[in-house]
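One-letter residues, chain by chain:
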Amino acid sequence: MTQARQKRPNPPRGGGRAGAAARVTGAREVAYEVITAVRERDAYANLLLPTAIRRARLSARDAALATELTYGTLRGQGRYDAVIAACIDRPLDDVDPGLLDALRMGAHQVLATRIGAHAAVSTSVDLVRLHAGQGSARFANAVLRRVAEKDLDTWLGEVAPDAVSDPDGHLAVVHSHPAWVVRALRDALVTHGRPAAELPDLLAADNDRPTVSAVALPGLSTPEELRAEGGAGPGRWSPYAVTVHGSPEGLPAIGAGRARVQDEGSQVVTLALTAAAVEGDDTGAWLDLCAGPGGKAALLGAVLAQEQPDGELVAVESQPHRAGLVEQALAAVPVTHEVLTADGRQIPDSDKDCYDRVLVDAPCSGLGALRRRPEARWRRSPGDLPGLTGLQRDLLDAGLDAVRPGGVLAYVTCSPHPAETAVVVADVLRKRADVVQLDAREAVATATGRPVAELDLGAGPAVQLWPHRHGTDAMYLALLRKGG
Ligand SMILES: C[S@@+](CC[C@H](N)C(=O)[O-])C[C@H]1O[C@@H](n2cnc3c(N)ncnc32)[C@H](O)[C@@H]1O
């Protein structure tokens, strides 16, 4: 294996810092800024990128390039690190983190875009020169030229561990996921009744660019309106969904809060709660116990306003800033509502046995939303799980206290991890003789207007959606009813 040394004397590629600044396009600067912010201060790419694009006043074409470079680099980080490690003569940990960000972005351009290798290398070297000086630029030039000597498949064939002796290590490098996430997703497939052989498809789907979906809030907008405004087509599952090409923020209905960007998986689990059969009359007392930033609360509120004009939605969120976002999400929805900044684990006595429908969309690892939040896979670690699963159990228990006898609770996560899904529900059910689990597939069928047989939802009673099967986030849904 040929390896680059930082001190290798490559001829300077002209121009010094001033020349480099002229060649680094705004798109690459924006992508680099976002990627370093994700690493340095735990920023969320999906929140920061639109702001950075606006601030840099990028054209639509450059905005698309910045988006591709940001997400592609963050998704591919694991596999690019394996390739870069093979091209240098010291551990990756010894490479300056900002330089490594630029090398990853360069490797992405060289190995996974249609940008020509020469342009990909030279613009990356310019970026490094601008941010880290001439010495680092020479190093980057040497490394990326080595990277460009082979295509991605050839590199992966060389740097990925053997598929037979180390299957998880192999999949981790080839599909750019940490090995512990590979193992967790295999367990998740098997726990939720799917063959482990689907794992490569699931990992590959995590690296696909997701279709952007929007929900036309019922009573406020329609899919037809969104499509006329520029939405591209009907959703696959939700009757209120459209798929959006281009920037969803440009759709007037979204600007006015009558529609929202929302993955179809989130729409489906929310609508399933509204469709589940309660015993006795639904009085319209609905509770969203983990509501921030308010996407599902807005959909719940819109359905409630249509079905029970006298109903009231109570939305609880522990983070004040996120409670503010819930207020904003509900501003355009004509439903009586109260947003409380509070700990959902503390249900006041006056709210016990009170609500017809309760949503517990619990804080989770987010391993089901890696398409949209690619950095989560590198940020999370197995050590996060005990804290999350403890909180999930407590919130589920508290939510069940709030349900009235005969009422229904939806326990939802955007993670398929067994410890956050099936195990939490089984533990709580074991402790609570007053609760039965419903077949969530029936409620999903009602919500989507499609027969269970067409939905590919497995054996039930819980529902696990999958990116590679349903094209949605991997949302988990368990429906629980309190005894009458
Ligand atoms: C998965 S998110 C909910 C997403 C939301 N349902 C939506 O669709 O926009 C979980 C939320 O629970 C909040 N949270 C965490 N701990 C909480 C607690 N003890 N009580 C209430 N909310 C909590 C988090 O701040 C986060 O906003």
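Residues numbered from 1 in each chain as written. Predicted model: local features only at pLDDT ≥ 70, side-chain atom pairs only at ≥ 80, totals over all residues. Heavy atoms only, no water.

## Some thoughts on the UniProt feature "binding site: S-adenosyl-L-methionine" (unreviewed entry) in the protein chain
Inference 1: Following the UniProt record, the feature "binding site: S-adenosyl-L-methionine" (unreviewed entry) maps to Cys290, Ala291, Gly292, Pro293, Gly294, Gly295, Lys296, Glu317, Asp343 and Asp361 here.
Inference 2: Assignment of secondary structure puts Cys290 in the loop between β5 (285–288) and α15 (295–307).
Inference 3: The exposure class assigned to Cys290 is buried, which follows from its relative accessible area of 13%.
Inference 4: What Cys290 contacts, discounting residues up to four positions off in sequence, is Val316, Glu317, Leu359, Val360, Asp361, Ala362, Pro363 and Leu395. (UniProt positions renumbered as here; feature names shortened; annotations may be inferred. Helix = DSSP H or I, 4+ residues; strand = E, 2+ residues; numbered from the N terminus. Buried < 20%, exposed > 50% of the residue type's maximum accessible area, 1.4 Å probe, protein only. Contact = heavy atoms within 4.5 Å.)

## Considering the sheet that holds strand β2 (residues 231–234)
In a beta sheet, neighbouring strands pair by backbone hydrogen bonds and run either parallel or antiparallel.
Inference 1: If you trace the four strands from one edge of the open sheet to the other, you get β2-β3-β1-β4, paired in antiparallel fashion. Of all the strands in the sheet, just β2 and β4 (259–261) have a single pairing partner and so form its edges. For this sheet the average axis-to-axis angle between neighbouring strands, irrespective of direction, equals 35°.
Inference 2: For β2 and strand β3 (residues 241–244), the ladder comprises three bridges, and the chain directions are antiparallel. Paired with Gly233 across the strands is Thr243, a residue of β3.
Inference 3: Across the face of the sheet, helix α14 (residues 264–275) comes into contact with β1 (212–216) and β3 while running at roughly 35° to β1. (Pairing = 2+ DSSP bridges. Axes fitted to C-alpha atoms, helices over the stretch in contact; angles between N-to-C directions.)

## Focus: the site of the ligand
Inference 1: Around the ligand sit 21 residues, and of these Glu317, Arg322, Asp343, Gly344 and Asp361 come closest.
Inference 2: Interatomic distance of 2.6 Å between a side-chain N/O atom of Arg322 and an oxygen atom of the ligand.
Inference 3: Contact with the protein chains hides 87% of the accessible area of the ligand, taken as 610 Å² for the molecule alone.
Inference 4: Contributing elements (two or more residues each) for the shell around the ligand: α15 and α18 (385–402).
Inference 5: Here the shell around the ligand is built from residues that sort into nine nonpolar, six polar and six charged. (Near = heavy atom within 4 Å. Polar contact = N/O pair within 3.5 Å; in protein donor to acceptor, adjacent residues only side chain to side chain. Areas by Shrake-Rupley, 256 points an atom, 1.4 Å probe, with all protein chains shown as cover. Nonpolar A, V, L, I, M, F, W, Y, C, P; charged D, E, K, R; others polar.)

## Some remarks on the UniProt feature "active site" (unreviewed entry) in the protein chain
Inference 1: In the numbering used here, UniProt assigns the "active site" (unreviewed entry) feature to Cys414.
Inference 2: Summarising the element assignment, Cys414 is placed in the loop between β9 (403–413) and α19 (422–431).

## As for the confidence of the model for the protein chain
Inference 1: Residue-level pLDDT values for the protein chain average 93, and 95% of them are 70 or greater.
Inference 2: The low-confidence segment residues 1–18 (pLDDT under 50) makes 49 contacts with residues lying over four places distant or belonging to another chain.
Inference 3: At the level of chain-chain contacts, confidence expressed as ipTM amounts to 1.00, with global pTM at 0.93. (pLDDT = per-residue confidence, 0-100.)

## Looking at helix α2 (residues 26–41)
Inference 1: Taking 1.5 Å per residue, 16 residues should reach 22 Å; α2 reaches 22 Å between its end C-alpha atoms and fits that length.
Inference 2: Buried within α2 are the following residues: Ala27, Arg28, Val30, Ala31, Tyr32, Val34, Ile35, Thr36, Ala37 and Val38.
Inference 3: Check the buried side of α2 and you find it contacts α3 (45–55), α4 (60–87), α5 (97–112), α6 (117–132) and α17 (376–379).
Inference 4: Looking at the residues trailing α2, positive phi occurs at Asp42, about 55°. (Expected span 1.5 Å × (residues − 1).)

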